[in-house]
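Read off the chains here:
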Amino acid sequence: MEAAVAASSLRRTYERRRKDAVVALDDLTLTIARNEIHGLLGPNGAGKTTLVKILSTVLLPTSGTARILGHDVVAETKAVRSLIGLVLGGDRGLYDRLTARRNLLFWGSLYKLDARTVRRRADALLERVGLAERADEPVERFSRGMRQRLHLARGLLHEPQVLFLDEPTSGLDPVAAVAFRRLVRELRDEGRTFLLATHDMDEATALCDRVSLIDRGHLLLTDDTANVGRILGDRECVDFVHEDDSLARALAVLPPVIDVERLDDRWRAHTVDREGSRRVLAWLVERDVLTGRRAQPTLEEVYLRTVGDRGMRV
Amino acid sequence: MTYLTVVWRAFQLQALLSRRSPAHLLILLIAPMQTTSLLAMTLQAHRPDAVATAVIAPGLIGLWVSSLDYAGRVVPEDQWAGRFTPMIAAPVPLTLVVAGRVTAVVLVGAMAFGESWLVAALGFGRVLTVHNPGVFAAAVLATCLASVGTAMLMSGVISLSRARDVLQNSLSYPFYILGGIVFPLTVLPAWMRPFSHLVFLSWSARLLRDSVHGTAHDWPLALATILALGTAALAGGMWLTHRLVNLARHKGTVGYA
């Protein structure tokens, strides 16, 4: 079966006057199976949006190829555009002075939907994204979360097979974000494929079947979300919560402990093996520290370890 | 669904946007003032032969302002508002959307014709008698069509320009002169006239005035020229819009975000 997305050796550079070209994507190869929710993670300037733009035909690659359900994004632009939906996050992208319904009616016409079909689908989608009661209000009165939901409804109007979501839940409150993710899962269950570009590790962990991590235009890894911790090796570790730094220092000199590091809200002791972890847990219990547990690196840790040296640099 | 339907939907969209945007309707506020000024000067100078110019000029100015200012903003505003990217990602060519929207913008400008007529009649008691009403109606229609083509061209030129505001601010007055809107081209220096003949407004202004006075003897040529210049502008505008999209896809300038 044809992959939903197949990018091969994609490269995109941006020319600059009297300066070297900026390489936004470099030799990126990625395959996304049908019916998959694929997370695209990376810091600002990593190349996520460039990749989404190339796959959605709004940007041409400098070299390499990309196919959507077998159609080349450069040579078969028209076919690709009918198959994809592009959902960009943020407050912008809609006609603010028009109502939600009017917005959808216009955007539907760009996909050659007849008036009756677009009206029927707009009604159904507004209901589905929870905007039916506000459908006839100008978008300028909408909150960010409501706009995001309207963006998604717009992206779904022509019933695309593959959806590209770029930071779809940024700025949403937790309840709205959970509802949004539920909706994405429902749509996946209907047979759609998603490429989700995000900074939100919780979102990627909760939603994605597989994730790809890119930085400076390079694909660093692609793996099942559940297994992505393996990138850091099969390292044993024990997490625990304790206020006293001296306890951590004492733990660090124990034979099975490689090192102890401070994470945001807890300590992490890296051990030589499983037996070492058992001994560390026992040592903690002896000192009345009952918060210890064996742990595996999370997606966030993988992300931070892989690109965490970037700081604020882009 | 035909491409014409897309143009119609884009027209409806712009009509709604213009109705909700007071700035788009400023032309309709300015046209009566322009008519008042021009008519007052004409009457004070005891030039009844120039009344037609004073009444027709605000309509032509309205069309030009709508083509230059408002049609020119259609694409840049979509770019600034982040609507350009999803629009490019849709299968329908952007040219059709722009064509529908500039048509609506131009029609708002065309309403200035009716306004100036009313101001002359109700405010000054001067009802313009048209000696060749058929030619006059055809001239108004051709002028509106040529304005749509020109608006498309201006939209492309302004969208591709890096100095949009400068361009929009500086292109209005020269075209009032080259278009012979407020005075006949015969008073211009001879070397300027060939340039004037490339501006559809010059043919429109003369034909409209001549049809009022009953002297539009060469109306077929004038009408054909207006339509030909409008068609050329439309073709140029469509090409520029297509080029805008291609450049944006090549250079990565689809959106400002």
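Residues numbered from 1 in each chain as written. Chains lettered and ligands numbered in written order. Predicted model: local features only at pLDDT ≥ 70, side-chain atom pairs only at ≥ 80, totals over all residues.

### Structural notes on the overall build of chain A
Right, so step 1: Per the secondary structure count, chain A includes ten helices and 14 strands.
Right, so step 2: Here the C-alpha coordinates of chain A stretch approximately 70 × 50 × 45 Å along the principal axes.
Right, so step 3: A total of 314 residues make up chain A; the buried ones form 41% of that total. (Helix = DSSP H or I, 4+ residues; strand = E, 2+ residues; numbered from the N terminus. Buried ≥ 20, exposed ≤ 12 C-beta atoms within 10 Å, placed from the backbone.)

### Observations concerning the sheet that holds strand β9 (residues 210-215) of chain A
All names here are of chain A.
Right, so step 1: An order of β6-β7-β8-β3-β9-β10 is seen for the six strands of this open sheet, with the pairing classed as mixed. The open sheet terminates on both sides in strands that have one partner only, identified here as β6 (84-88) and β10 (218-224). Within this sheet the neighbouring strands show an average axis-to-axis angle of 15 degrees, counted without direction.
Right, so step 2: Direction of pairing for strand β3 (residues 37-41) relative to strand β8 (residues 193-198): parallel, over a ladder of five bridges. Paired with Ile37 across the strands is Phe194, a residue of β8.
Right, so step 3: Each of β3, β7 (162-166), β8 and β9 is contacted by helix α1 (residues 48-55), which is oriented at about 150 degrees to β8, the strand it contacts most.
Right, so step 4: On the sheet, helix α5 (residues 144-156) packs against β6 and β7 and is oriented at approximately 165 degrees with respect to β6. (Pairing = 2+ DSSP bridges. Axes fitted to C-alpha atoms, helices over the stretch in contact; angles between N-to-C directions. Contact = placed C-beta atoms within 7 Å.)

### A closer look at the interface of chain A and chain B
Interface size is commonly expressed as the accessible area that is lost once the parts come together.
Right, so step 1: Listed by partner, the interface residues are 25 residues for chain A and 25 residues for chain B.
Right, so step 2: Per-class residue counts for the side of chain A that touches chain B are twelve nonpolar, six polar and seven charged. (Nonpolar A, V, L, I, M, F, W, Y, C, P; charged D, E, K, R; others polar.)

### Observations regarding the confidence of the model for chain B
Right, so step 1: Of the residues in chain B, 98% have a pLDDT of 70 or more, and the chain-wide mean is 88.
Right, so step 2: Taken together, the chains of this predicted complex give a pTM of 0.82 and an interface ipTM of 0.83. (pLDDT = per-residue confidence, 0-100.)

### Some remarks on the pairing of β10(A)
Right, so step 1: Bridging between β9(A) and β10(A) involves six bridges; their strand directions are antiparallel. Bridging from a neighbouring strand, Ile214(A) pairs with Leu219(A) of β10(A).

### A look at the sheet that holds strand β4 (residues 63-68) of chain A
Residues and elements named next belong to chain A.
Right, so step 1: Taken in spatial order, the four strands make up an open sheet running β2-β1-β4-β5, and their pairing is antiparallel. Edge strands, defined here as strands with exactly one partner in the open sheet, are β2 (19-32) and β5 (71-72).
Right, so step 2: Pairing of strand β1 (residues 5-16) with β4, which is carried by five bridges, proceeds in the antiparallel orientation. Residue pairing for β4: Ala7 is matched across the bridge by Ala66.

### With respect to the nonpolar core
Right, so step 1: By size, the foremost hydrophobic cluster in this structure holds 147 residues, and its most contacted members are Leu55(A), Leu157(A), Leu195(A), Val102(B) and Met152(B).
Right, so step 2: In this structure Leu55(A) touches Val5(A), Ala66(A), Ile68(A), Val73(A), Phe164(A) and Leu195(A), once residues within four positions along its chain are discounted.
Right, so step 3: Cys237(A), Leu251(A), Trp267(A) and Ala269(A) belong to the second largest nonpolar core, which has ten residues in total. (Core = buried A, V, L, I, M, F, W, Y, C linked by C-beta atoms within 7 Å.)

### Topic: unusual backbone geometry
Residue and element names in this part refer to chain A.
Right, so step 1: Positioned with a positive phi, Asn35 is a non-glycine residue whose angle comes to about 70 degrees.
Right, so step 2: A positive phi is found at Lys112, a non-glycine position, where the angle reads about 60 degrees.
Right, so step 3: Mapped onto the fold, Lys112 is located in the loop between α3 (100-109) and α4 (115-128).

### Focus: the packing of helix α2 (residues 26-44) of chain B against helix α5 (residues 94-124) of chain B
All names here are of chain B.
Right, so step 1: In contact at an axis separation of 8 Å, α2 and α5 are set at 45 degrees when each is read in the N-to-C sense. When the interaxial angle is binned, α2 and α5 end up oblique. Pair α2 / α5 crosses with right-handed handedness. Between α2 and α5, the contacting residues are Ile27, Leu28, Ala31, Pro32, Thr35, Thr36 and Leu39 on the first element and Val108, Gly109, Met111, Ala112, Glu115, Ser116, Val119, Ala120, Gly123 and Phe124 on the second.
Right, so step 2: Residues belonging to the contact of α2 with α5 are distributed by class as follows: eleven nonpolar, five polar and one charged. (Parallel < 35°, antiparallel > 145°, perpendicular 65-115°, else oblique. Left-handed = near helix turned anticlockwise from the far one by under 90°.)

### Comments concerning the pairing of strand β11 (residues 236-240) of chain A
Residues and elements named next belong to chain A.
Right, so step 1: In terms of residue burial, β11 counts as a mostly covered element, since four of its five residues are buried.
Right, so step 2: As defined by bridge partners, β11 adjoins strand β13 (residues 267-271) across five bridges and the pair is classed as antiparallel. The residue bridging Asp239 from the neighbouring strand is Arg268, located in β13.
Right, so step 3: Examined bridge by bridge, β11 and strand β14 (residues 293-295) share three bridges and lie antiparallel to one another. Looking across to β14, one finds that Cys237 is bridged to Ala295.

### With respect to helix α3 (residues 51-80) of chain B
Residue and element names in this part refer to chain B.
Right, so step 1: Between the first and last C-alpha of α3 there are 43 Å, a value that for 30 residues agrees with the 44 Å anticipated at 1.5 Å per step.
Right, so step 2: The largest bend in α3 amounts to roughly 40 degrees and is located at Val74, with the proline Pro76 lying one to four residues further along.
Right, so step 3: Most of α3 sits out of view: 24 of its 30 residues are buried.
Right, so step 4: Of the residues trailing α3, Gly82 is marked for its positive phi of about 75 degrees. (Expected span 1.5 Å × (residues − 1). Bend = angle between axes of the 7 residues up to and from the residue.)

### Details of the packing of helix α1 (residues 3-20) of chain B against α5(B)
All names here are of chain B.
Right, so step 1: Interaxial distance between α1 and α5 falls to 7 Å at its minimum, and their mutual angle equals 45 degrees. Here α5 runs oblique to α1, going by the angle between their axes. Seen along the crossing, α1 lies across α5 with a hand that is right-handed. The residues of α5 that touch α1, namely those facing Tyr3, Val6, Val7, Trp8, Arg9, Ala10, Phe11, Leu13, Gln14, Ala15 and Ser18, are Leu96, Val97, Ala99, Gly100, Arg101, Thr103, Ala104, Val105 and Val108.
Right, so step 2: Classifying every residue of the contact of α1 with α5 by side-chain character gives 14 nonpolar, four polar and two charged.

### Description of α5(B)
Residues and elements named next belong to chain B.
Right, so step 1: Taking 1.5 Å as the rise per residue, α5 with 31 residues should run 45 Å; its terminal C-alpha atoms sit 45 Å apart, in good agreement.
Right, so step 2: Judged by how many residues are buried, α5 sits mostly within the fold: 22 of 31 residues are covered.
Right, so step 3: Phi for Gly125, located one or two positions after α5, is positive at around 65 degrees.

### Examining the environment of Arg47(B)
Right, so step 1: Checked against the element boundaries, Arg47(B) lands in the loop between α2 and α3.
Right, so step 2: The spacing of Arg47(B) and Thr35(B) is twelve residues in sequence and 15 Å in space, taken between C-alpha atoms.

### Some details on the confidence of the model for chain A
Right, so step 1: Within chain A, residue pLDDT values average 87, and 92% of them lie at 70 or more.
Right, so step 2: The least confident element of chain A, judged by mean pLDDT, is helix α10 (residues 299-307) of chain A at 68; the most confident is β5(A) at 96.

### Description of the environment of Ser56(A)
Right, so step 1: Relative to the elements of secondary structure, Ser56(A) occurs in the loop between α1 and β4.
Right, so step 2: Taking the C-alpha atoms as reference points, Ser56(A) and Thr205(A), 149 residues apart in sequence, are found 24 Å from one another.
Right, so step 3: Sequence-distant contacts of Ser56(A), that is, excluding residues within four places in its chain, are made with Ile84(A), Leu86(A), Phe164(A) and Ala89(B).

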